[in-house]
Amino acid sequence: MNRQHIAIGANAATASPSPAGGRGGLGRYVIAATLARTADGGVVVAVILLVTSSGGSGTLAGALGACVTAPHLLGPFVARPLDLAQDGRKVIAAACLLYAAALTTGVLTYTRVPALVTGLLLAVAGVCGPLLTGGISSRLPAIVGPRLRTQRRAQAWDVATYGIGGTVGPSLVAALSGWASPSAAALALAAGAGVAAGCVLLLPYAPVPHGGDRAAIPKPGATMALMARTSPLRRTVYLTMIVALGVAALPITAVHMTKILGIASSTAAVLTAAYGLGNLAGSAVVMLFPLTGDPDRLMRRLALGVVTGLALVAASQFFALSVAAYALTGILNALFFAATLAARTEYAPAGVRGQVFIWVAALKITSGSAGTALAGSLTGLDVRLPLLLGIAGIMTAVVAATFEKRLPSPNGSRDRAQA
């Protein structure tokens, strides 16, 4: 069964007759993805600043921020319509518009309606979030065509849009909040999501892989079961989660490491900026030199690369070395992320690719949130403890993945991913 599912995913990745949009399609994709992910990446900062600038408590700010992020966990349950739809572009565009409308309404009515109403509006936006991230990524294979090298380069662009969204989004919010107001910043993000909807509709049309047989598309639970029993997808899931758990400690660690390094606490922003710029640099590297080879093997090797970066961060005693270590970790994590996108593309059955992308994204976000919380609780014991635990966790996951891959499959042969 595993090999059959893997073959379906591999065939979908390599057997489509032609690109749906060529370079023009990829360009429109990058614009749409960047706008959507900038909105999603900056919204939490905008909500927190909106609350605190109007005299709200930190507890309320955190609660309303969670209303945007927590619903991402529902992503797998809103992903099935993407696989069912005759035109997935309309589903994603509708999600972008609903995101923009809910965020706009929540911002404009804040303090005029009960906080519970604001929270519900932000939660509606949060539910749309997975379609702005993993949902859009699921459109990429059909846009760029069957050539493996072209797909890998396009995935590097996709990684870059995530990096831009996570870096530019919060920075844009901070700048607009200082120049105008937090509400203006939040409305700018909503406008960006609205424009993204139009850009998504301009993406090339891709025929549905299920040929109109809606009954052939499994439900979220069945998709998760498929991922669990398809060994390369299973390894993709737990390697993605463990690496996300490990790198989530970096922002928290940056703040506390300033004391060890003997520098002002405000310079922690330099460390986190170095990580973000490293992430973008890693994306550029993969654009110029696309990853080659089996994604299963690439994930394990690049996960060990992330371990090297985390180890250098933990060992650094000087500020300049810490900046370099953060940048290197960002580069290596970008390469690892590109490998996971390749794995999702090449191992996921075509009929459930949208669900697989969003399942992995949701589990990654969950793991990253857990990593941030864990780092916050452990840094009081030792600043480097979260990093060391992250290193140990990633190494354990790599060893487990290597051992699992070498186990004979039920038919007696080695488990080899078909890419």
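Below: a short report on this structure. This is a predicted model, so every value here is computed, not measured.

### Examining the layout of surface pockets
Roughly 1,800 Å³ of volume is contained in the largest pocket. Every residue lining the largest pocket is counted, 49 residues in all, and those nearest its centre are Gly 41, Tyr 162, Gly 166, Lys 364 and Ile 365. Of all the secondary structure elements, the ones that give two or more residues to the lining of the largest pocket are α2 (22-53), α3 (58-69), α9 (148-179), α12 (231-247), α13 (249-261), α14 (268-288), α16 (319-347) and α17 (353-378). By residue number, the principal contributor to the lining of the largest pocket is α9, which donates eight residues. Taken together, the residues of the lining of the largest pocket break down into 27 nonpolar, 18 polar and four charged.

### Regarding the environment of Gln 317
Residue position: Gln 317 is located in the loop between α15 (295-315) and α16. As for Gln 317 and Gly 262, which are separated by 55 residues in sequence, their C-alpha atoms are 9.7 Å apart.

### Remarks on the pattern of salt bridges
Taken as a whole and judged by the stated rule, the model has eight salt bridges. When the shortest N-O distance is used, the salt bridge between Glu 404 and Arg 234 registers 2.4 Å. Of this pair, Glu 404 sits in helix α18 (residues 385-406) while Arg 234 sits in helix α12, and the two are 170 residues apart along the sequence. Given the relative accessible area of 14%, Glu 404 is considered buried. The partner of Lys 405 in a salt bridge is Asp 296, with the nearest N and O atoms 3.5 Å apart. Highlighted residues: Lys 405 in helix α18 and Asp 296 in helix α15, separated in sequence by 109 residues. Side by side, Lys 405 and Asp 296 carry an identical accessibility label, which is buried. Each of the salt bridges in this network shares a partner with another, and the network as a whole consists of Arg 234, Arg 235, Asp 294, Asp 296, Glu 404 and Lys 405.

### Considering empty space enclosed by the protein
Tallying each qualifying case throughout the model produces two cavities of 30 Å³ or more. When its volume is computed, the largest cavity comes out at roughly 50 Å³. Of all the secondary-structure elements, those providing two or more residues to the lining of the largest cavity are α2, α5 (88-109) and α6 (115-132). Residue contributions to the lining of the largest cavity peak at three residues, all from α5. Residues that form the lining of the largest cavity fall into these classes: seven nonpolar, two polar and no charged. What lines the second largest cavity is simply Ser 137, Leu 140, Pro 141, Gln 155, Asp 158, Leu 341, Thr 345 and Phe 357. Those elements giving two or more residues to the lining of the second largest cavity turn out to be α8 (140-144), α9 and α16.

Rules used in this analysis
- Residues numbered from 1 in each chain as written.
- Predicted model: local features only at pLDDT ≥ 70, side-chain atom pairs only at ≥ 80, totals over all residues.
- Heavy atoms only, no water.
- 1 Å grid on protein atoms, 1.4 Å probe; cavity = no way out; pocket = protein on both sides within 12 Å on 5 of 7 lines; lining within 4 Å.
- Points joined across faces, edges and corners; volume = space filled by probe spheres on them.
- Helix = DSSP H or I, 4+ residues; strand = E, 2+ residues; numbered from the N terminus.
- Nonpolar A, V, L, I, M, F, W, Y, C, P; charged D, E, K, R; others polar.
- Salt bridge = Lys/Arg side-chain N within 4 Å of Asp/Glu carboxyl O.
- Buried < 20%, exposed > 50% of the residue type's maximum accessible area, 1.4 Å probe, protein only.

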